[in-house]
Every structure is written in C-alpha cells, then in structure tokens.
Amino acid sequence: MQKPIVFFDIDGTLLTEEKTIPDTTKKAVRLLQEKGIHTVIATGRVPKMFYWIQKELNIDSYVSMNGQYVVFEGKEIYANPIDSERLQSLSKMTESNGHALAYCSHNDFKASVKNHPFIESGFDALMMSYPEVNPDFYKHSSIYQGHLYCESKDEKMYADHFPDLSFVKWHDCAYDILPKGASKAVGIRKMLEVLDMKIEDSFAFGDGLNDLEMLTEAGTGIAMGNAVPEAKAAADIITTSSSNNGILNGLIQVGLLERNLVL
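Note that this is a predicted model, so its numbers are computed, not measured.

Participant: Just to check I follow, could you spell out the overall build of the protein for this structure?
Facilitator: In terms of helices and strands, the protein carries 10 helices and 13 strands. The C-alpha radius of gyration computed for the protein amounts to 18 Å, which stays within 12% of the reference 18 Å derived for 263 residues, consistent with globular compactness. The principal-axis extents of the C-alpha atoms in the protein amount to approximately 60 × 35 × 30 Å. The proportion of buried residues among the 263 residues of the protein is 56%. The long-range share in the protein, meaning contacts at least 24 apart out of those at least 6 apart in sequence, stands at 56%. Once the 25 positive and 36 negative side-chain charges of the protein are each reduced to a mean point, those two points are 2 Å apart.

Now the structure itself:
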C-alpha cells in the first residue's frame with residue numbers, strides 16, 4: 001500500500017467555530033507529516049483566505065475553490081476558469097435584482113458592490129473584513145469561482161437561468177458559483193492522477209454541503225461531529241466536532257494515528 005493522502009476542509013473542520021486551529025489538530029497534522037503521509041487542504045476558499053493556515057500547519061498542497069484550482073507542493077496542477085461571458089450575464093442579472101457577487105481568482109477575490117448586507121454577513125461569518133470592490137475584476141482575471149449573495153428564495157431563479165452553473169449554499173444568503181459538475185472530488189481526482197495514487201488510499205474530512213462529493217469519492221470519508229446531516233450521511237465515519245478533537249479522533253479511528261497517542 002502507498003502512503004495515504006489526507007484531505008482536510010477548513011471551516012468547521014480544521015477550524016473551530018471561533019476560526020482557530022485546535023492544538024490537537026496542529027499536532028495530529030504534524031504527526032501525519034512525520035510519517036510521510038500527504039496532507040492537503042480541500043476548501044471552497046480562495047488561497048489568499050488560507051495562507052495563514054498553510055503556514056500554521058506546514059501544508060503546501062491544496063484543492064481550492066471547490067476543486068477549481070489545485071496545487072501540489074506549491075505547483076499548479078489543475079485550473080478550470082469560468083467562462084467570462086457567463087459571468088457577464090450573471091453580473092447584469094444580479095445588478096438588476098439588487099443582489100451581489102464576488103469573483104475569485106487564483107490569488108485574490110473582489111466584490112461587485114460596496115456595503116451589501118449579505119456580503120457583510122457572509123464575511124462576518126468567516127471573521128474576515130469586507131472584500132475590496134471591483135465590479136470589472138472578471139474582465140481581466142481568470143475567475144475560478146464566484147459567490148452569489150441573495151436570499152434563499154431567489155437562488156432558484158439563478159439556477160434556472162444558468163443551468164450550466166451550480167449554486168452551493170455556504171451561508172444563509174451566500175452561494176458558491178461553480179461550473180456544473182465541479183466539486184472538491186474533481187480536484188482530488190486531478191491530484192491523485194498526478195501522484196499516481198489510488199482513490200482507496202485517500203481520506204477526507206469535511207462538514208458542509210460542499211463536502212458531499214469529496215466525502216463520497218474518497219476512499220474513506222470522515223464527517224465532523226458538527227457536520228450538516230447530509231455530510232454525515234455521505235461519510236463512512238463520523239468523528240467528534242472540530243472543537244472537540246475531531247481531527248485527532250478521526251485519524252485515530254481510521255488507524256492513521258495510534259490510539260494511545262500522547263500529544
């Protein structure tokens with residue numbers, strides 16, 4: 001058997017509700033690395049949003065923006081931008097409806113409007129400040145993921161109008177915008193192809209709706225104790241919550257770390 005590879009979601013998985021990394025998680029990841037096990041971030045976030053987590057955990061491989069932009073050991077191995085004409089149509093529609101967008105490139109993200117309450121709410125939940133505003137960002141940058149900010153009752157209108165796009169909810173009034181069929185699972189497959197690894201040797205930790213494909217696809221899917229019901233149903237194993245040693249307990253449960261481990 002090859003050395004396994006472990007993929008970690010960020011929010012609600014590596015991070016607690018307070019957006020901190022538990023000491024047991026830091027040490028558990030370090031022990032995996034000392035064993036020669038690949039550790040990879042798999043997130044809906046833009047890389048700029050998690051540089052500090054990479055540094056803290058010494059992880060330089062990631063599946064970002066829900067599988068749209070993939071890097072292994074600092075080198076880009078997969079990129080799947082969204083068609084700019086679709087983004088232009090989407091921009092016009094959100095503007096006319098009083099809704100908002102954010103555009104995510106490989107190294108930055110911009111909002112379409114200033115002071116939108118739904119953007120404020122979404123970024124408050126991430127404990128991040130309101131993004132810079134540049135409504136034309138998509139015109140001169142490759143955009144791999146968008147954010148739609150609207151009420152739940154309005155999301156179907158966009159889904160019906162753009163059947164080639166997926167809208168994945170991550171906050172009360174916020175949705176990730178992706179090409180249809182895109183997911184963290186796609187990014188994981190791309191990385192495993194480059195490494196010539198089998199899916200059976202992969203493990204994935206997650207908690208949210210954007211983790212469903214990943215938890216299903218991975219050799220072993222581990223849902224956090226704080227995960228949404230859909231993620232728990234998709235997983236092979238359920239560990240404790242992110243704030244209650246969930247990463248450590250999950251790694252012990254699947255046999256990647258020793259049960260009698262003293263950290």
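Participant: Which parts of the structure should I look at to understand the pattern of salt bridges?
Facilitator: Any two side chains of opposite charge can pair if their charged atoms end up close together. If you walk through the whole model with that rule in mind, you get 17 salt bridges. Here K26 and D23 are joined by a salt bridge, their closest N and O atoms 3.9 Å apart. Residue K26 and its partner D23 are located together in helix α1 (residues 23-34), separated by three residues, close to a single helical turn. The class for D23 is exposed, based on a relative accessible area of 52%. Salt-bridge contacts for D136 lead to K139; the nearest nitrogen and oxygen are separated by 3.1 Å. Taken together, the shared-partner salt bridges in this structure form one network comprising K48, D108, K110 and E132.

Participant: How do you make sense of the side chain of H147 when you look at a structure like this?
Facilitator: Position of H147 relative to the elements: it lies in strand β8 (residues 145-149). At 3.0 Å, the side chain of H147 forms a polar contact with the side chain of Y149. For H147, the residues in contact, after removing those within four places along its chain, are M49, A100, L101, A102, C104, W170, Y175, D176 and I177.

Participant: I would appreciate a short explanation of the packing of helix α3 (residues 84-97) against helix α6 (residues 152-161) in the present structure.
Facilitator: To describe two helices that pack against each other, one gives the angle between their axes and the distance between the axes. Packing of α3 against α6 brings their axes to within 12 Å, and their N-to-C directions diverge by 150 degrees. With respect to their mutual orientation, α3 and α6 come out roughly antiparallel. The crossing of α3 and α6 is right-handed. Side by side, α3 and α6 meet where R86, L90, M93, T94 and N97 of the first sit next to M157, Y158 and H161 of the second. When its residues are assigned to classes, the contact of α3 with α6 shows four nonpolar, three polar and one charged.

Rules used throughout
- Residues numbered from 1 in each chain as written.
- Predicted model: local features only at pLDDT ≥ 70, side-chain atom pairs only at ≥ 80, totals over all residues.
- Heavy atoms only, no water.
- Helix = DSSP H or I, 4+ residues; strand = E, 2+ residues; numbered from the N terminus.
- Rg over C-alpha atoms; globule rule 2.2 N^0.38 Å.
- Buried < 20%, exposed > 50% of the residue type's maximum accessible area, 1.4 Å probe, protein only.
- Contact = heavy atoms within 4.5 Å.
- Lys, Arg positive; Asp, Glu negative; His and termini not counted.
- Charge placed at Lys NZ, Arg CZ, Asp CG, Glu CD.
- Salt bridge = Lys/Arg side-chain N within 4 Å of Asp/Glu carboxyl O.
- Polar contact = N/O pair within 3.5 Å; in protein donor to acceptor, adjacent residues only side chain to side chain.
- Axes fitted to C-alpha atoms, helices over the stretch in contact; angles between N-to-C directions.
- Parallel < 35°, antiparallel > 145°, perpendicular 65-115°, else oblique.
- Left-handed = near helix turned anticlockwise from the far one by under 90°.
- Nonpolar A, V, L, I, M, F, W, Y, C, P; charged D, E, K, R; others polar.

Geometric values such as these leave the question of function open.
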